[in-house]
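# Remarks on the overall topology
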Amino acid sequence: MKRLWIAVALIGTVAGLCVITAAYQHRRTEDMLALVDAVETAYEDGDVPAARRNAEELIAVYDGVCRIMMCYVAHSDIAESQETVRMLPALLEKGGGEELEMEIARLREELTHLRQIDDPLPWNIL
């Protein structure tokens, strides 16, 4: 009987950790998407220094989030968005333009993918 209770406790612990990590992943990717929007809005308004500050803040937030997410998300899924985040300040210094818009759209897509990658959906399980 003890083994059954231990098994139930282990399953409950694993399920709880899954819920906590999914909530963390969703919340933090939403925060990063908001920072991407802030970079884009500031750049469109012509405030390049503010866009650069937002891009630097995005890098800092992304590094903190990645330290935790790398424990349970495949590194290949994180690598592409990591490269794109690092490019934003350099693109802002160059003057941005079409390339900046393309990289922001790409980053938005990659972060959306990261947000949904570990959801318990049929296409993620099968």
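Scope of this entry: the structure provided in the associated data block. (Residues numbered from 1 in each chain as written. Predicted model: local features only at pLDDT ≥ 70, side-chain atom pairs only at ≥ 80, totals over all residues. Heavy atoms only, no water.)

## Here we look at the packing of helix 3 (residues 75-94) against helix 4 (residues 98-116)
One way to put it is that helix 3 packs onto helix 4 with a least axis distance of 9 Å and a crossing angle of 150°. With respect to each other, helix 3 and helix 4 are oriented roughly antiparallel. Relative to helix 4, the crossing made by helix 3 is left-handed. Facing helix 3, whose interface residues are Asp77, Ile78, Glu80, Ser81, Thr84, Val85, Met87, Leu88, Leu91 and Leu92, helix 4 presents Glu99, Leu100, Glu103, Ile104, Arg106, Leu107, Glu110, His113 and Leu114. Looking at side-chain class alone, the contact of helix 3 with helix 4 contains ten nonpolar, three polar and six charged residues. (Axes fitted to C-alpha atoms, helices over the stretch in contact; angles between N-to-C directions. Helix = DSSP H or I, 4+ residues; strand = E, 2+ residues; numbered from the N terminus. Parallel < 35°, antiparallel > 145°, perpendicular 65-115°, else oblique. Left-handed = near helix turned anticlockwise from the far one by under 90°. Contact = heavy atoms within 4.5 Å. Nonpolar A, V, L, I, M, F, W, Y, C, P; charged D, E, K, R; others polar.)

## A short note on helix 1 (residues 2-44)
Relative to the 63 Å expected for 43 residues at 1.5 Å per residue, helix 1 spans 63 Å between its end C-alpha atoms, a close match to the ideal helical length. For helix 1, the set of buried residues is Tyr24, Gln25, Thr29, Met32, Leu33, Leu35, Val36, Val39 and Ala42. Buried residues in helix 1 make contact with helix 2 (48-69), helix 3 and helix 4. Once helix 1 finishes, Gly46 follows within two positions and takes phi at roughly 90°, a positive value. (Expected span 1.5 Å × (residues − 1). Buried < 20%, exposed > 50% of the residue type's maximum accessible area, 1.4 Å probe, protein only.)

## Some words on a nonpolar patch on the surface
A cluster of nonpolar side chains, contributed by Met1, Leu4, Trp5 and Val8, occupies part of the molecular surface with about 520 Å² of accessible area. Within the secondary structure, Val8 sits in helix 1. The exposure class assigned to Val8 is exposed, which follows from its relative accessible area of 52%. (Patch = residues over 30% accessible without salt bridge, like charges linked within 9 Å, V, L, I, M, F, W, Y side chains within 5 Å. Areas by Shrake-Rupley, 256 points an atom, 1.4 Å probe, with all protein chains shown as cover. Salt bridge = Lys/Arg side-chain N within 4 Å of Asp/Glu carboxyl O.)

## Considering helix 4
Every α-helical turn comprises 3.6 residues, leaving residues that sit three or four positions apart pointing alike. The terminal C-alpha atoms of helix 4, which comprises 19 residues, lie 27 Å apart, in line with the 27 Å expected from a rise of 1.5 Å per residue. Inspection of helix 4 places Leu100, Glu103, Ile104, Leu107, Glu110, Leu111, Leu114 and Arg115 among the buried residues, and these make up the whole buried set. Each buried residue of helix 4 lies within a common arc of 140° when the element is viewed along its axis, so the set occupies one face. Turned more than 90 degrees away from the buried face of helix 4, the exposed residues are Glu98, Glu101 and Glu109. Looking at the buried side of helix 4, the elements it contacts are helix 1, helix 2 and helix 3. (Arc of directions from axis to C-beta.)

## Points about the packing of helix 2 against helix 3
Packing of helix 2 against helix 3 leaves a shortest axis separation of 9 Å and a crossing angle of 160°. The orientation of helix 2 relative to helix 3 falls into the category roughly antiparallel. Between helix 2 and helix 3 lies a crossing of left-handed hand. Across the interface between the two elements, Val48, Ala51, Arg52, Ala55, Glu56, Leu58, Ile59, Tyr62, Asp63, Cys66 and Met69 from helix 2 touch Ile78, Ser81, Gln82, Val85, Arg86, Leu88, Pro89, Ala90, Leu92 and Glu93 from helix 3.

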